[in-house]
Amino acid sequence: MKEMIKMVVVLSLICGLSGLTLATVRQATSARIEEQVLTYVQGPALEQIFTGYDNNPVKDRKAFDTPGGPVTIFPVMKAGKLTGVAFETFGKGYGGDIGVMVGFTTDGDKLQGIGITTLKETPGLGARVVEPDFRNQFRRHSTETIALSKSGGDIQAISGATISSTGTVAAVNEAVKIFNTIKDKLPDAWGS
Amino acid sequence: MLKPLTPILTVAVPPHIHCGRTLRRYVLDTLVALLPAAVMAVIAFGTDALRVMALSCATAVLAEAACNRLMKREQTVDDYSALVTGLLFAFLLPASAPWWLVAIGSAACIGLGKMIFGGLGGNPLSPPLVGWALCRISWPAFMDTNATMLMSDLPPPLQQLKYFGVDAVSSLDPVSLLMGHQLGGLGEIQIIALLAGGAYLLLRRHISWHIPAGFIGGLLATALIYRLLDPAAYAPPLFHLLAGGAIFGAFFLATDESSSPLGSLPALLFGIMAGAMVIVIRVYGIYPDGVPFAILLANLFTPLLDRIRPKPFGGPYSFFDEEDAR
Amino acid sequence: MSSLWKEFSKGLWKDLPPFKLVLGLCPVLAVTKTAYNGFGMGMAVIFVLALSNLLVSLLRKVIPAKVRIACFIVVAASLVVCVELLMQAYAYPLYQQLGIFVPLIVVNCIILGRAEAFASKNPVLLSVADGLGMGIGFTISLTFLGSIRELLGTGQWFGMQVLSDWFEPVRFMVEAPGAFVCLGVLLAAMNAFTNWQRRTKGLEAVQGPVHDCKTCGMCATKPGA
């Protein structure tokens, strides 16, 4: 009986102590981890979209409420003036969701470009949506009538990867819809 | 009295009757069966084909000799099996393959595919396919039979099917495919010559009919199922049989002695499995032609299929069940 | 002091984890695409292994024998989660590369193996020396394997271009099958080297397992045989 009690006590103590340690470490690192995730997952996509900005979009991010839930908006500024915004939307791909960072200019109704954040598509086929040949079709594209060429638009799908191409386009259109609902609030948010 | 020069009676241990079949004769027969396809490859692709085949064969023989020397084993190159492996590997390559790719691939066939498992008869996978898989993964750009042969006006049927859909291949005539008017590996597309070679092997009883029949049957049946599901999206079964390396795989790659099962039922199942896999890979995979990978996958099932075996006379001595029960 | 050095150094060659003990093969095969990945994984293992040996050795008198495995696992798991969080916070690119394999350190046989076989029976200092030695041996092996695969597979070493344009990268080497082939060839080379060493000392070469009548004994156990 005594042995039994000792077993239980020791095991619970060890588990409790390790739980305490983990909670402390997590507390201490959580803020930094969030920062790192945004820098390394969303950051490269932002760099693909925008050039010539002087702020840190990840650091200046703000969350906006939209009908579809909160969206984190990354602002791009030059000399203190807001020049564009970007945020992430998801489209259905062949191997899971494709995360697409869509950038808009503040001055007009044009896309600045897109960048891919996460994807699990087939290498050599669907994964080619990250290649500049496909992405650059969205650069300075009008926000109206974004569609694949087979649906009457002017975006050339990647041959053999219709699902991935469609998913990306759907994500971009989703972003356009969100952008239209928040467009007016943007200048106030970053004071320019 | 002196001994007569030719003895009247010879005293020896059995067996007393020999059929004259030796390993070397056997391998040479395979070589003869491959010869028509090799000749047709040279006619179709010119001296480039000759260059690739000669280099591949020479490297294979040298690699086997080097491996034997390194492992301090008896030299085995005189059974010509390395020569056949080299030729089979060359049959899978495009005529434009650079020399280093041919040399590395052919050496890998022998080194990684065969000698590392103890030489002829020990390989669990078909040696030419091991080398092919290594090259296909490493240098996809050089192994692409379509992209490296742009100056040729032959149509690449499987690439067209993969990238442009079934409409693009509907104009291809089965008879011209049969005569080898298509783009692919050197020898794998000389369908009529390979069929002649395969018939020769069957007649000489070097291969049993089970594996080729199972392979072709499995391929046609699977292709037919897809065709019936949606004729607009999937190519007809005959196209799948005649395009690419299906015939080559059925008669020459899948029948590799040590990597295919022994009995007739296992061999039949093995063939069906490989044939069905070809279509599955052609339909869903990212590679245009699924034959080599399909056969490699089927090779992996060989030990399992080999457990289907007849009961010994006076049995059952079920050694294997006891082993499982432990 | 000499025993301390003995425990430390055995992990470097005599009991080199992946090649001599053939333990912890999951990360050895999976994360050695590049030398940097192998090195990073090795560092994480050094940290976890040394600390888990330390803790297990400290607690060896307290832990009841019947629940020792559970205790070892709890200790190793907590350390691994710590490493994962720290890696996320301070070396995120490495974390992206190693991904799922960091949590898998928990079930890495080396951690549990050293805790059970060594740390639970030996004093603290020796255990830490053992953990450090094993961890460093593991790191060296992983970095070595990663270097070979990266060099042949991409022509680079630690991300630097080493081989020039004439070299066509053997992409096979950075894919999964390349890991198996590379490890197999390395193990064969290690065995050949060990046998060569033994021969120079006049000893008999180590033979692989032989399957003959002497080692089998199937018929002896069969009833009625």
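Our subject is the structure listed above.
1. Focus: the environment of Arg-21 of chain B
And then number 1: Take Arg-21 of chain B: it is sitting in the segment before α1 (23–45).
And then number 2: Those residues within four positions of Arg-21 of chain B in sequence are excluded, and the remaining contacts are Arg-204, Arg-205 and His-206 of chain B.

2. Concerning the interface of chain C and chain A
And then number 1: Taken together, the 22 residues of chain C in the interface contact 18 residues of chain A.
And then number 2: Each partner contributes to the roughly 1800 Å² buried at the junction of chain C and chain A, and carbon and sulfur atoms together form 79% of this total.
And then number 3: Among the residues of chain C in contact with chain A, Leu-85, Ala-89 and Tyr-92 of chain C are the three that bury the most area, contributing 28% of the side total.
And then number 4: Counting across the chain C and chain A interface gives 1 salt bridge.
And then number 5: Among the ionic pairs, Glu-3 of chain A bridges to Lys-66 of chain C, the shortest N-O distance being 3.8 Å.
And then number 6: Our count for the chain C to chain A interface comes out at 3 residue pairs in polar contact (both at pLDDT 80 or more).
And then number 7: Taken together, the elements giving at least two residues each to the side of chain C that touches chain A come down to α5 (68–90) and α6 (92–98) of chain C.
And then number 8: Among the elements that make up the side of chain C that touches chain A, the one with the highest residue count is α5 of chain C (12 residues).

3. Some details on the sheet that holds strand β1 (residues 62–66) of chain A
Residues and elements named next belong to chain A.
And then number 1: Spatial ordering of the open sheet is given by β1-β2-β3-β4-β5, a layout of 5 strands whose pairing is antiparallel. Looking at strand neighbours, the two that pair on one side only are β1 and β5 (111–116), the edges of this open sheet. In this sheet, neighbouring strand axes are inclined to one another by 30° on average, regardless of whether the strands run parallel or antiparallel.
And then number 2: Taken together, the 5 bridges between strand β2 (residues 69–78) and strand β3 (residues 81–92) define a ladder with antiparallel strand orientation. From the neighbouring strand, Val-76 faces β3, where its bridge partner is Gly-84.
And then number 3: Here helix α1 (residues 2–49) sits on the sheet and contacts β2, β3, β4 (97–105) and β5; the angle it forms with β5, its principal contact strand, is near 140°.
And then number 4: Strands β1, β2, β3, β4 and β5 of the sheet are contacted by helix α3 (residues 162–182), whose axis makes an angle of about 135° with β3.

4. Remarks on the layout of surface pockets
All names here are of chain B.
And then number 1: Put simply, the largest pocket is a space of about 890 Å³.
And then number 2: Arg-136, Pro-140, Ile-286, Tyr-287 and Pro-288 are, among the 33 residues lining the largest pocket, the residues nearest its centre.
And then number 3: When contributions to the lining of the largest pocket are tallied by element, the ones reaching two or more residues are α5 (127–138), α6 (140–143) and α7 (157–164).
And then number 4: Among the elements that take part in the lining of the largest pocket, α7 stands out by supplying 5 residues, more than any other.

So, how was this worked out
Residues numbered from 1 in each chain as written. Chains lettered and ligands numbered in written order. Predicted model: local features only at pLDDT ≥ 70, side-chain atom pairs only at ≥ 80, totals over all residues. Heavy atoms only, no water. Helix = DSSP H or I, 4+ residues; strand = E, 2+ residues; numbered from the N terminus. Contact = heavy atoms within 4.5 Å. Buried area = accessible area lost by both parts, 1.4 Å probe. Salt bridge = Lys/Arg side-chain N within 4 Å of Asp/Glu carboxyl O. Polar contact = N/O pair within 3.5 Å; in protein donor to acceptor, adjacent residues only side chain to side chain. Pairing = 2+ DSSP bridges. Axes fitted to C-alpha atoms, helices over the stretch in contact; angles between N-to-C directions. 1 Å grid on protein atoms, 1.4 Å probe; cavity = no way out; pocket = protein on both sides within 12 Å on 5 of 7 lines; lining within 4 Å. Points joined across faces, edges and corners; volume = space filled by probe spheres on them.

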